[in-house]
Amino acid sequence: MSQLSERPEKAVVGLSMPHESAVQHVTGTALYTDDLVARTKDVLHAHPVQVMHAHGRITALRTERALAVPGVVRVLTGADVPGVNDAGMKHDEPVFPDEVMFHGHAVAWVLGETLEAARLGAEAVEVDLDELPSVITLDEAIAADSFHGARPVMETGDIDAGFADSAHVFSGEFQFSDQEHFYLETHAALAQIDEAGQVFVQSSTQHPSETQEIVAHVLGLSSHEVTVQCLRMGGGFGGKEMQPHGFAAVAALGAKLTGRPVRLRLTRTQDLTMSGKRHGFHARWRIGFDAEGRIQALDAALTADGGWSLDLSEPVVARALCHIDNTYWIPNARVTGRIARTHKVSNTAFRGFGGPQGMLVIEDIMGRCAPLLGLDPMELRERNFYRPGHTTPYGQPLTQPERIGAVWDKVRENGAVAERRREIEAFNAAHPHTKRALAVTGIKFGISFNLTAFNQGGALVLIYKDGSVLINHGGTEMGQGLHTKMLQVAATTLGIPLHKVRLAPTRTDKVPNTSATAASAGADLNGAAVKNACEQLRERLRQVAGTQLGASAADVRIVEGVARVLGSDRELAWDDLVRTAYFQRVQLSAAGFYRTEGLHWDAKSFQGSPFKYFSHGAAAAEVEVDGFTGAYRVRRVDIVHDVGDSLSPMIDIGQVEGGFVQGAGWLTLEDLRWDTGDGPHRGRLQTQAASTYKLPSFSEMPEEFHVELLENATEEGAVYGSKAVGEPPLMLAFSVREALRQAAAAFGAPGTAVELASPATPEAVFWAIEAARAGAPSDARADAEAPVGA
């Protein structure tokens, strides 16, 4: 077992602990960015000047009337920017644009003594616009050849030979929806300037270092003149990885120009209409199977809706290509990707980061083709699982292919799948207007950032003279329990009780150059960095203890706050040990660092090993569908998920449950609608609130919900043998969608194949039922010759 994964005796990691802020969360005492306004004197409030057209060039911007509104202090425009007027890492996102690129684009910001004064001032700003043609939908973008960014191609084997050797060839298309993050806390920033001109920004951001970088270059400053802190976030899900930077820059610019603190917080409607979503995708595909139903070749083209700017669309598409295989070996493949440029908000990171979109394509293919092959969907999936010796289409060997089958078999056993499927068959035979179905799907999800440089983490650990410990790390807390895990890692490594350790808010002046808390790598990177810092301190203290106890440092163990010599009753309490070290002038602080080893990636050839390891899981979902309305309920879900040796089991189970429900929301409920007509509101987001955008709630939770973490699953080379948990469980919700497909097909003749829209709303399920009843042919048609176009 590696040093990184080995656990000491009486470890604090592995124990089920409540979230470190749970009490504050439920009592309402937890502070978020906007709560800090009440503690800050003379705050100004920022409000956007939004232009309600999808596309147009600004010909005039008049602010005089706004400045006449009582309480308005200043109107910020592009002319005020001392540095670079851009908030994007691709330099394509002006903070103050001269071209409106989506309905609701902010072109200026008003600062007021009150939020109401700023709002009225924003209404008074006059904007003249030369309207231009707009592209709203993916279909329009494809027809108009409206694309931007890279166009990666992933190839393996010989697809022509693969198709020639196929007994069955099918082709089809699939378009599926984007998704709103709908975090509880909207985008927020609070900026202040100190007496030396230093900028301090409190931001609800998943990437404080990048927020710092953007604020600095907008203000024309160096990074050491800007400090960004993230106390905590009320949810992020990827929506606060890139998009907070511009809002923080506006607040910082206002503070720099006025000398007063500036608060910027979006309303829910502003957040929905101004911030990016999960990328919707269009897929065109052609697949070949042999006579036994094993995949021989796949030719696919994926098009992502990137919105108006690139943001993170290129790595999102890259990850989609890297995950189109999911748990299946595809010996011959050619998959292309591209990014549509549309006049909508710039789509961005969202839990899974393109992985769900790629995996959904292959799962949809398997669900549609199984009946055409005369195979049970579970059987078709099993026949195509990765086996030992297989490599992915991008050339990475699988180190744990046996776990694909392990979680699959365990979930079938836990869920009594064979027995329940017989019961479902009997139920369906007796109920012509209500059908049930049970589907099992698996996942294989790569863990690490696609960009190798991001796979590094830092930490700063301080031990005070009284024996108390303060840890700082580069990860941010958005409710996922990262800070809880870091406390457990520190306590375990130092060998002290958990109550001895406290965690400080994430700040760029404590740990520099950090990566975003994203890609499910927060615990891997920051946990290893915290462990590294604590190991340095522990070794120094063991030297002190060895001297005090008359033994070699190698024979000293620190367990539960006591240093003991092996084979002896000699011991020294932690507090006394720390005090002794201080008087011996031993350094009691340490900076920790970690870089993920073994990664290499060539983006041009689209080959390499971009992931440290793969997380695995399987879910069995049972649904019941009403044949008159398409309404459905999820009767039961069983999940077995691989998190290695869990750092904090209760936290991890909560993440599995939450990820699954969020995935089910994306696939079955959440239906973003945009005005695609030619009227004055073209490009407007029509689902601007919880009243029109359906989110999963208690009523959509499975009536029975069983989650089990895979046992004996140590991950070598990861902190204390754990694995990532944040993103992978979202894809377990494919089981719900596939169960809905099978239930809809049950209204038709045996062997009926149905096409199912995504999201599979009750309306979509109803139309699938109608198609099954009518015996309509599947869109996945037998097609031996037609190539997949771009």
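As the structure is a prediction and not an experimental result, all values here were calculated from the model.

## Topic: the pairing of strand β9 (residues 188–193)
Point 1. Bridge count for β9 against strand β12 (residues 262–265) is 4 bridges, and the pairing is antiparallel. The residue of β12 that forms the bridge with A188 is R265.
Point 2. Two strands pair when backbone bridges link them, and β9 and strand β10 (residues 199–203) are joined in this way by 5 bridges, in the antiparallel orientation. Residue pairing for β10: Q192 is matched across the bridge by F200.
Point 3. Counting the residues between successive antiparallel strands, the hairpin from β9 to β10 contains 5 residues, one of them, G197, with a positive phi of roughly 85 degrees.

## A word on the packing of helix α18 (residues 734–745) against helix α19 (residues 762–774)
The geometry of a pair of packed helices is captured by two quantities: the angle between their axes and the separation between those axes.
Point 1. Contact pair α18 / α19: the axes reach a minimum separation of 8 Å and the direction vectors enclose 40 degrees. In this view, α18 runs oblique relative to α19, as classed from their interaxial angle. For the crossing formed where α18 meets α19, the hand is right-handed. Taking contact as the criterion, the partners of L740, A744 and A745 in α18 are, on α19, V765, A768, I769 and A772.
Point 2. When the residues that make up the contact of α18 with α19 are grouped by side-chain class, the tally is 7 nonpolar, no polar and no charged.

## Some details on helix α14 (residues 482–494)
Point 1. Here α14 spans 18 Å end to end across 13 residues, near enough to the 18 Å set by a 1.5 Å rise per residue.
Point 2. Along α14, 13 of the 13 residues are buried, which leaves the element largely enclosed by surrounding structure.
Point 3. At the exit of α14 stands G495, carrying a positive phi of roughly 75 degrees.

## Thoughts on the environment of G14
Point 1. Structurally, G14 is set in the segment before α1 (22–27).
Point 2. The class for G14 is partly exposed, based on a relative accessible area of 29%.
Point 3. The sequence separation of G14 and I443 amounts to 429 residues, and the corresponding C-alpha distance is 24 Å.

## Observations regarding the sheet that holds strand β19 (residues 501–503)
Point 1. As summarised here, the arrangement of the 4 strands in space is β19-β18-β17-β24, forming an open sheet in which the pairing is mixed. Each having just a single partner strand, β19 and β24 (589–595) make up the two edges of the open sheet. Neighbour to neighbour, the strand axes of the sheet diverge by 25 degrees on average, direction disregarded.
Point 2. With 5 bridges connecting them, strand β17 (residues 456–463) and strand β18 (residues 469–473) associate as antiparallel partners. Note on β18: the bridge partner recorded for L462 is L470.

## Some words on the pattern of salt bridges
Point 1. Going through the model one piece at a time under the given rule, you end up with 55 salt bridges.
Point 2. A salt bridge links K344 to D305, with the nearest nitrogen and oxygen atoms 2.8 Å apart. Of this pair, K344 sits in the loop between β15 (333–341) and α10 (355–373) while D305 sits in strand β14 (residues 295–307), placing them 39 residues apart in sequence.
Point 3. With relative accessibility at 3%, the residue D305 sits in the buried group.
Point 4. Across the salt bridge formed by D325 and K444, the nearest N and O atoms sit 3.1 Å from each other. Residue D325 is located in the loop between α9 (313–322) and β15, and its partner K444 is located in strand β16 (residues 434–447); the two are separated by 119 residues in the primary sequence.

Thresholds, definitions, all that
Residues numbered from 1 in each chain as written. Predicted model: local features only at pLDDT ≥ 70, side-chain atom pairs only at ≥ 80, totals over all residues. Heavy atoms only, no water. Pairing = 2+ DSSP bridges. Helix = DSSP H or I, 4+ residues; strand = E, 2+ residues; numbered from the N terminus. Axes fitted to C-alpha atoms, helices over the stretch in contact; angles between N-to-C directions. Parallel < 35°, antiparallel > 145°, perpendicular 65-115°, else oblique. Left-handed = near helix turned anticlockwise from the far one by under 90°. Contact = heavy atoms within 4.5 Å. Nonpolar A, V, L, I, M, F, W, Y, C, P; charged D, E, K, R; others polar. Expected span 1.5 Å × (residues − 1). Buried < 20%, exposed > 50% of the residue type's maximum accessible area, 1.4 Å probe, protein only. Salt bridge = Lys/Arg side-chain N within 4 Å of Asp/Glu carboxyl O.

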